[in-house]
Amino acid sequence: MAKKTTKEMSYSELVAQRNELKKKYMDLRFQMVIGHVDNPMQKRTMRREIATLNMLIRQKEIAGQDK
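Calculation notes
- Residues numbered from 1 in each chain as written.
- Predicted model: local features only at pLDDT ≥ 70, side-chain atom pairs only at ≥ 80, totals over all residues.
- Heavy atoms only, no water.
- Helix = DSSP H or I, 4+ residues; strand = E, 2+ residues; numbered from the N terminus.
- Rg over C-alpha atoms; globule rule 2.2 N^0.38 Å.
- Buried < 20%, exposed > 50% of the residue type's maximum accessible area, 1.4 Å probe, protein only.
- Contact = heavy atoms within 4.5 Å.
- Areas by Shrake-Rupley, 256 points an atom, 1.4 Å probe, with all protein chains shown as cover.
- Lys, Arg positive; Asp, Glu negative; His and termini not counted.
- Charge placed at Lys NZ, Arg CZ, Asp CG, Glu CD.
- Core = buried A, V, L, I, M, F, W, Y, C linked by side-chain atoms within 4.5 Å.
- Expected span 1.5 Å × (residues − 1).

### Structural notes on the overall build of the protein chain
- The number of helices and strands found in the protein chain is two helices and zero strands.
- Whereas a compact globule of 67 residues would reach a radius of gyration of roughly 11 Å, the protein chain reaches 14 Å, over 25% beyond that.
- Looking at the 67 residues of the protein chain, the share that counts as buried comes to 19%.
- Taking all contacts inside the protein chain whose residues are at least 6 apart in sequence as the whole, residues at least 24 apart take part in 61%.
- Carbon and sulfur atoms make up 53% of the accessible area of the protein chain, which totals about 5,400 Å².
- Here the protein chain contributes 15 positive and 8 negative side-chain charges, whose respective centroids are spaced 5 Å apart.

Printed below as a string of structure tokens:
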């Protein structure tokens, strides 16, 4: 099975991926406080990925595909 791009995902898949990314982002924030982070830019890219998912989720809600 080929990996879907975010634009091809269904509404429920997008919501699930956003929730998973939010958990990873929280973990990363705690690691940064402790001081064990290899790549500080990872925080920015993760925030941007979450924002992209939020945008796609909102587009599907407006289109009425969130059922």
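### Remarks on the nonpolar core
- Core analysis: the largest hydrophobic core is formed by 11 residues, namely Met9, Leu14, Val15, Leu21, Tyr25, Leu28, Met46, Ile50, Leu53, Leu56 and Ile57.
- At the level of secondary structure, the elements contributing two or more residues to this core comprise α1 (11-34) and α2 (41-63).
- The residues touching Leu21, leaving out its near neighbours within four places in the chain, are Met46, Glu49, Ile50 and Leu53.

### Comments concerning α1
- Over its 24 residues, α1 runs 35 Å from end to end, which matches the ideal 34 Å to within 8%, given 1.5 Å per residue.
- Every buried residue belonging to α1 is among Leu14, Val15, Arg18, Leu21, Tyr25 and Leu28, and all of these are buried.
- Contacts made by the buried residues of α1 are with α2.
- Residue Gly35 follows α1 closely and has a positive phi angle near 105°.

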